[in-house]
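# Inside the fold
Listed below are the residues making up each chain.
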Amino acid sequence: MNRAQRLAQDAAEAAEVRAYQTDPDVVALRIERVRRQVDWMCWSGIVLGLAFTMTNVQGFASAGTRPGSLPWLAAWVLDPTVSLVLLAILRAEQVTARYQVRTGVWVRRAKWFTLAATYVMNTWTSFAAGEAAAIVLHSVPPLVVFVAVEAITDLRDKLTDAVLVAAERRPVQQETGRRVLFADYLAIARETWTPDIEITPAWVRRATGCSRGLSPRLARALRSEVGNG
């Protein structure tokens, strides 16, 4: 085998590997793995941040009470009450963001209120004492939780966008080397179709050369445009 033949073989192998690497299902699987890692790290940070605030909130709520008394013990319930509501909202947003379903205004208000309540109760004593170092120390965990809460929702939304974008790209290349997009296949099918043709996935594959997995979506899109069946 001469050098040109070896290069041609390498190019063919590279094209096959690239086709699998850019397959929408493979891309979606990789994104799901990243999503799980992002969720795990963000949830760990949020839970640890809320756990850090618990003792400060307890001290704020139990000020002036005798240690071990009923009011002192009841003060330990305050922070978990607020944190559990916040975590419930975040868990629901984890699902809605996955399917890009927007929640109502009261969900956002409840999230901000619980975060604000946690911050105020966590830093009130430090502000009252005028201790700058304590203010910074007790401000960082609630603020990190606040930023993480907002960021994790947007990250999930963008990861879902990444899956959808990958689904609209064919995992192979044309001879020109330009990646074929969903809109390109749809344009080819639109130009090829005539009123006497029934739009089916099989016909779309014959007309455009698209993959079997993409042809049903193309058929639905074209039928929606032309009102065919």
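As the structure is a prediction and not an experimental result, all values here were calculated from the model. (Residues numbered from 1 in each chain as written. Predicted model: local features only at pLDDT ≥ 70, side-chain atom pairs only at ≥ 80, totals over all residues. Heavy atoms only, no water.)

### Some points on the overall build of the protein
Selection rule: Think of it this way: any DSSP run of H or I at least four residues long counts as a helix, any run of E at least two long counts as a strand, and we number them from the N terminus. Partly exposed describes any residue whose relative accessible area lies between the buried limit of under 20% and the exposed limit of over 50%, with all areas from a 1.4 Å probe on protein chains only and scaled to the type maximum. By definition in these notes, contact holds between two residues if any of their heavy atoms fall within 4.5 Å.
Within the protein, the regular secondary structure consists of 8 helices and 2 strands. In the protein, the succession of helices and strands from N to C terminus is α-α-α-α-α-β-β-α-α-α. Taking all 229 residues of the protein together, the buried fraction comes to 32%. Contacts in the protein between residues far apart in sequence, at least 24 positions, make up 62% of those at least 6 positions apart.

### Brief notes about the pattern of salt bridges
For clarity, the threshold we go by: By convention in these notes, a salt bridge is any Lys or Arg side-chain nitrogen within 4 Å of a carboxyl oxygen on Asp or Glu.
With the rule as written, the count across this model stands at 3 salt bridges. Of the charged contacts in the structure, one is a salt bridge between Glu225 and Arg190, with a shortest N-O distance of 2.8 Å. Separated by 35 residues along the polypeptide, Glu225 in helix H8 (residues 215-226) and Arg190 in helix H6 (residues 182-192) bring together distant segments of the chain. Here Arg190 falls in the partly exposed class, since its relative accessible area comes to 38%.

### Things to note about the layout of surface pockets
Convention followed: With a 1 Å grid spanning the protein atoms alone, the term cavity applies to any set of points in which a 1.4 Å probe fits but cannot get out, the term pocket to an open set with protein on both sides within 12 Å along at least five of seven lines, and the term lining residue to any residue with an atom within 4 Å of a point. Grid points are joined across faces, edges and corners, and a volume is the space filled by probe spheres set on the points. Only Asp, Glu, Lys and Arg are considered charged in this grouping, and only Ala, Val, Leu, Ile, Met, Phe, Trp, Tyr, Cys and Pro are considered nonpolar; every other residue, Gly among them, is considered polar.
One number sums up the size of the largest pocket: a volume of about 230 Å³. For the largest pocket, the lining is made up of 15 residues, of which Glu93, Arg102, Thr103, Arg108 and Thr153 are closest to its centre. For the lining of the largest pocket, the elements supplying multiple residues, two or more each, are helix H3 (70-98), helix H4 (105-129) and helix H5 (132-167). Sorting elements by how many residues they give to the lining of the largest pocket places H5 first, with 4 residues. A breakdown of the residues in the lining of the largest pocket according to their chemical character gives 3 nonpolar, 5 polar and 7 charged.

### What about the packing of aromatic side chains?
What describes a pair of aromatic rings is the distance from one ring centre to the other and the angle between the planes of the rings. The condition is simple: We call Phe, Tyr and Trp rings a pair once their centres come within 6.5 Å, taking the six-membered ring for Trp, and we label the pair stacked below 30 degrees between planes, edge-to-face above 60, and tilted otherwise. Our definition puts a charge over a ring when NZ of Lys or CZ of Arg is within 6 Å of the ring centre and also within 35 degrees of the ring normal.
This model, assessed by the stated rule, comprises 1 aromatic pair. With 6.1 Å between their ring centres and 80 degrees between their planes, Trp72 and Trp76 make a pair best called edge-to-face. Within this pair, Trp72 and its partner Trp76 are both found in helix H3, separated by 4 residues, close to a single helical turn. Classification of Trp72 as partly exposed rests on a relative accessible area of 22%. In this arrangement the basic side chain of Arg109 is found over the ring face of Trp106, its NZ or CZ atom lying 4.8 Å from the centre.

### Thoughts on H6
Along an α-helix, a turn takes 3.6 residues, which lines up residues three or four apart on a common side. The cut-off we apply is this: Throughout, the arc means the angular range of directions from the helix axis out to the C-beta atoms.
Those residues of H6 not exposed but buried are Phe182, Tyr185, Leu186 and Ala189. The buried residues of H6 occupy an angular sector of 100 degrees when the element is viewed end-on, so they sit on one face. In H6, the exposed residues that point more than 90 degrees away from the buried face are Ala183 and Glu191.

### Side note on the environment of Ala51
For Ala51, the position within the fold is in helix H2 (residues 24-61). Between the C-alpha atom of Ala51 and that of Pro80, which follows or precedes it by 29 residues, the distance is 8.8 Å.

### Details of the packing of H2 against H4
The condition that has to hold: Angular values range over 0 to 180 degrees, each being the angle between N-to-C directions of two axes fitted as lines to C-alpha atoms, with helices fitted over their stretch in contact. Note on terminology: angles under 35 degrees are roughly parallel, angles over 145 are roughly antiparallel, angles of 65 to 115 are roughly perpendicular, and the others are oblique. Two helices cross in a left-handed way if the nearer one is turned anticlockwise from the farther one by less than a right angle. They cross in a right-handed way if the turn is clockwise.
At a minimum axis distance of 8 Å, the contact between H2 and H4 shows a crossing angle of 65 degrees. For the element pair H2 / H4, the angle class is roughly perpendicular. Considering only the axes of H2 and H4, their crossing is left-handed. Contact residues: H2 offers Thr53, Asn56, Val57 and Phe60, while H4 offers Thr118, Met121, Asn122, Trp124 and Thr125. When the residues that make up the contact of H2 with H4 are grouped by side-chain class, the tally is 4 nonpolar, 5 polar and no charged.

### A short note on the nonpolar core
Put simply, the rule reads: Here, nonpolar core means buried Ala, Val, Leu, Ile, Met, Phe, Trp, Tyr and Cys residues that are tied together by side-chain atoms lying within 4.5 Å of each other.
Judged by nonpolar contacts, the single largest core of 13 residues is most densely connected at Ile199, Trp203, Val204, Cys210, Leu214, Leu218 and Leu222. Of all elements in the fold, only H6, helix H7 (201-208) and H8 reach the threshold of two or more residues within this core. Among the elements that take part in this core, H6 stands out by supplying 4 residues, more than any other. For Leu218, the contacting residues outside a window of four places in its chain are Phe182, Tyr185, Leu186, Val204 and Cys210. Val38, Leu50, Leu115 and Val149 belong to the second largest nonpolar core, which has 12 residues in total.

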